[in-house]
Amino acid sequence: MTTAPLAIGDSIRVPRTSALVGVARRDVTPPVGIRAKNWGPADWERAEGAHRPFELTALAVTGGDGRARVLLAVDGTWWRRVADEIGVRGAILDGLGLDADQLMLSLSHTHAGAVLCAADAHLEGGELIPGYLETLAEQGIAAGREALDSARPGLIEWTTGRCDLAADRELDLDGRALVGWNPGVAADDTVTIGRVSVGGAVRATIVNYACHPTTLAWQNREVSPDYVGAMREIVETATGAPCLFVQGASGELAPREQYTGDVAVADRHGRSLGHAVLSALDGLPLPGDELTLGGVVESGAPLAIWEGRPGDGGEDAAGSTTTVDLPLRDLPTLDQLSEEWKDIDPRSRDERLGRARNLREGYIDGPTVAHPVWAWRWGHAVIVGHPGEAYSRLQTTLRARFPGIPIVVMNLTNGPGFVYLPTREAYERGGYQAWQTPLAAGSLELLEEHACEVVAALLAPASPVLPPPPRSRLP
């Protein structure tokens, strides 16, 4: 590629967020005995232990517009009912005195966590669910308040890495559409990383990666953050600071090796992602610096000297909460679904019917649905969250449309709308994600265009788009 000629004093800019930042954490490990049946084939109901702790981590950021915004990264499964999500997020908003646009609550989407559905309180282990939802709200308030109160002038410096943990999971075998590794299709391997520092000391690391935490399945009887737990341990041991994991647009992405009861496999997956994060972090200069072409030293060869020098910028801040109208497909009734699935294992049939029922309540009201999108501008970076399970095309489209801008795309954030948004090709294929969602083909593409418009509006009044990261600039 062609680049502009360099001159002494030129810098490779580090995208950054300059703001008041605060971080806090609370343990939200589900209690032993809570209902954790998230897989149809599971012949058990209650969690018998915990593989690793579940964490709730709050990051409070107040940028140049003076408006605080709080990101809550939570180890959790997925919301099954709108009422439960509204109950938890609403309590946190009230407890922190925030408006709806100031909070994003993002679930990691582990499939080995507590069932987040108060309507299941009558089932075995379900009696512990309402109390656990109250705990999530209480700890969200406590961590959010501590993060806001402890906020100090700091930086979030952004970079990207690569990790091949995620793989395409749309496998066709003998004419049947399966959910499992398809070796013939490449997957998005981008890890977006934010290093949070105050006074030159690292205070936190943000990790945004798209990969379903489905390593552990029905054979495992412990709650687990899946691969996120070991990833967090690797990063936190090296940095001495909390790590916030937020799930990317992973609708069709998952580990190659999954559906096991062996927690060692989940830990191995986590280590691979953790080392990728550390590799990318080690490529950054010291907090606050940018690599600058300082001069030439004559040796056996003329040597170009790149050195760290203080950088600036990244004070701009803005936010928006919008909706995009998405079309519905022709939905079968629950009775029709029950008839269609009458010949499969009863446990799996009940799981499917329960999910179908919950997905419709509180989201569908008319021929289209208003799908919500939250977006924040943090200096040179943009954070985009929505409640659905979009395919990775959402994040690759945004990155391609806005090169040089760090864009964090988060599935399973706030609500309502806990539904898949597959590509048109996925509908033609007829796989699980396409028949699970109430949305019609083309919904992902509409969400993409809407998100691009939202990001463009957030960036419009601010500084010019940054050049690509160093590895794209240098030979």
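Rules behind the numbers
- Residues numbered from 1 in each chain as written.
- Predicted model: local features only at pLDDT ≥ 70, side-chain atom pairs only at ≥ 80, totals over all residues.
- Heavy atoms only, no water.
- Pairing = 2+ DSSP bridges.
- Helix = DSSP H or I, 4+ residues; strand = E, 2+ residues; numbered from the N terminus.
- Axes fitted to C-alpha atoms, helices over the stretch in contact; angles between N-to-C directions.
- Contact = heavy atoms within 4.5 Å.
- Buried < 20%, exposed > 50% of the residue type's maximum accessible area, 1.4 Å probe, protein only.
- Polar contact = N/O pair within 3.5 Å; in protein donor to acceptor, adjacent residues only side chain to side chain.
- Phe/Tyr/Trp six-rings, centres within 6.5 Å; stacked < 30°, edge-to-face > 60°.

The 3 strands lie next to each other as 1-14-15, forming an open sheet whose pairing is antiparallel. Two strands close off the open sheet at either side, each with one partner strand: strand 1 (11-12) and strand 15 (302-310). Bridge analysis of strand 14 (residues 289-298) against strand 15 gives 9 bridges, and the strand direction is antiparallel. Paired with Leu 293 across the two strands is Trp 306, which belongs to strand 15.

Turning next to the sheet that holds strand 16 (residues 317-327). As summarised here, the arrangement of the 4 strands in space is 16-17-18-20, forming an open sheet in which the pairing is mixed. Of all strands in the sheet, those with a lone pairing partner are strand 16 and strand 20 (407-410), marking the two edges. When strand polarity is set aside, the average angle formed by the axes of neighbouring strands in this sheet is 20°. Bridge count for strand 17 (residues 368-378) against strand 18 (residues 381-385) is 5 bridges, and the pairing is antiparallel. In the sheet register, Arg 377 faces strand 18, and the bridge partner there is Val 382. Relative to the sheet, helix 10 (residues 443-459) contacts strand 16, strand 17, strand 18 and strand 20, its axis offset from that of strand 16 by approximately 160°.

Turning our attention to the side chain of Asn 220. In this fold, Asn 220 is placed in the loop between strand 11 (201-209) and helix 3 (227-239). Classification of Asn 220 as buried rests on a relative accessible area of 5%. A distance of 2.6 Å separates the side chain of Asn 220 from the backbone oxygen of Glu 222, its partner in a polar contact. Discounting residues that sit within four places of it in the chain, Asn 220 has contacts with Trp 44, Ala 112, Thr 260, Gly 261 and Val 263.

Moving on to the packing of aromatic side chains. For any pair of aromatic rings, the description rests on two quantities: the centre-to-centre distance and the angle between the ring planes. The tally for this structure, following the rule as stated, stands at 7 aromatic pairs. The interplanar angle of 25° and the centroid separation of 6.4 Å between the aromatic rings of Trp 218 and Tyr 259 together place this pair among those described as stacked. Remark: Tyr 259 occurs in the loop between strand 13 (253-255) and helix 4 (263-282) and Trp 218 occurs in the loop between strand 11 and helix 3; sequence separation between them is 41 residues. What makes Trp 218 partly exposed here is its relative accessible area of 30%. Overall, Tyr 259 belongs to the partly exposed group, its relative accessible area being 25%. On the numbers, 5.5 Å between centres and 25° between planes, the contact of Trp 376 with Trp 378 is stacked. You can call Trp 376 buried: its relative accessible area is 0%.

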